[in-house]
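# Coordinates in review
For reference, the chains in residue letters:
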Amino acid sequence: MRPLLVVFKRIHKPPVYASRPRCLSSCASSGLSPLRDDALILGSSRELVQRLGSQVEVRTAFISEEEEGVLLRELEPGLKKKRYEFDHWDDAIHGYRETERVRWGAACEEVLNRVRSVAFPEGSPLLGPVHILDLDKTGYIKPHIDSVKFCGNTIAGLSLLSDSIMRLVKEDASNEWLDLLLPRRSLYILRDQARYNFTHEILKDEESVFSGQRVPRQRRISVICRNLPG
Ligand SMILES: O=C(O)CCC(=O)C(=O)O
Ligand SMILES: [Fe+2]
Ligand SMILES: [Mn+2]
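Residues numbered from 1 in each chain as written. Chains lettered and ligands numbered in written order. Predicted model: local features only at pLDDT ≥ 70, side-chain atom pairs only at ≥ 80, totals over all residues. Heavy atoms only, no water.

What follows is about the coordination of the iron ion (ligand 2). Distances from the iron ion (ligand 2) to its protein donors, His 144 (NE2), Asp 146 (OD) and His 200 (NE2), fall at 2.1 Å. Counting residues between consecutive donors of the iron ion (ligand 2) along the chain gives the motif H-x1-D-x53-H. Taken together, the residues span a long stretch of sequence, with His 144 in strand β5 (residues 130-144) and His 200 in strand β10 (residues 198-202) at a distance of 56 residues. A relative accessible area of 7% places His 200 in the buried class. (Donors = N, O, S within 2.8 Å, 3.2 Å for Na, K, Ca; no water. Helix = DSSP H or I, 4+ residues; strand = E, 2+ residues; numbered from the N terminus. Buried < 20%, exposed > 50% of the residue type's maximum accessible area, 1.4 Å probe, protein only.)

Now the structure itself:
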């Protein structure tokens, strides 16, 4: 069973937020980026948030409205030719269309290079094509772990057009979970244990609640960069 937030509310467990200092000096001394936005991460325990916190990042406003527009103008024509897929009960994703892209216009390439430079160690071999996933307003992604055969230890995704909630659940202990609020135009990064030992999912609109607040889901396009297995 997946732990729903309502379950935790019912037993009066307060949501646990990461509460790392966000000042430059302490972040620098702890090796954390000052750009981390820990208020966007909550979880089943403080211990888990702190332990896994170094392997999960959400960076708000990673791209500007203009950059979001540039990406959308490049992606929309190709996406519009496809139909959303709804009816495959066994698929990990419901209500989506997707594509891959290797070559980008200069403005998009600049944004992607920024993603690559913050998400991956220098020289880490990357998966060539960038993955584009277009979720309908009613679409959602069921819990899954990305293929270890094709993808390395890091997954980095930009969220366009909509806020959403990404839930991570420990594969062999479903009482251990983190919810990430992914604001429109944010970047998330999952590394190592967060990538290998936790499923990730994008909640459907009806379930999209973060810390008691509804987070309405619109159509959402994600632009996902991955590295190759080591
Ligand atoms: O849309 C996202 O940000 C995540 C997509 C995903 O989990 C996948 O394609 O494996
Ligand atoms: Fe995934
Ligand atoms: Mn199928």
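Next comes the rest of the account.
If you trace the backbone, Ile 93 turns up in strand β4 (residues 93-101). By relative accessible area, Ile 93 is classed as buried at 16%. For the pair Ile 93 and Arg 46, spaced 47 residues apart in the sequence, the C-alpha separation amounts to 30 Å. Dropping the residues within four chain positions of it, Ile 93 is found in contact with Leu 133, Leu 135, Tyr 140 and Ile 141. (Contact = heavy atoms within 4.5 Å.)

For the rest of this paragraph, the subject is the site of ligand 1. In the neighbourhood of ligand 1, the contacting residues comprise His 131, Leu 133, Ile 141, His 144, Asp 146, Tyr 188, His 200, Arg 220, Ser 222, Ile 224 and Arg 226. Here an oxygen atom of ligand 1 sits 3.0 Å away from a polar atom, N or O, in the side chain of His 144. Within the side chain of Asp 146, a nitrogen or oxygen atom sits 3.0 Å from an oxygen atom of ligand 1. Burial of ligand 1 by the protein amounts to 94% of the accessible area it has alone, namely 290 Å². Within the residue set of the shell around ligand 1, elements represented by two or more residues are β5 and β13 (220-226). For the shell around ligand 1, the residue count by class is four nonpolar, four polar and three charged. (Near = heavy atom within 4 Å. Polar contact = N/O pair within 3.5 Å; in protein donor to acceptor, adjacent residues only side chain to side chain. Areas by Shrake-Rupley, 256 points an atom, 1.4 Å probe, with all protein chains shown as cover. Nonpolar A, V, L, I, M, F, W, Y, C, P; charged D, E, K, R; others polar.)

Keep in mind that these numbers describe shape and distance, not what the molecule does.
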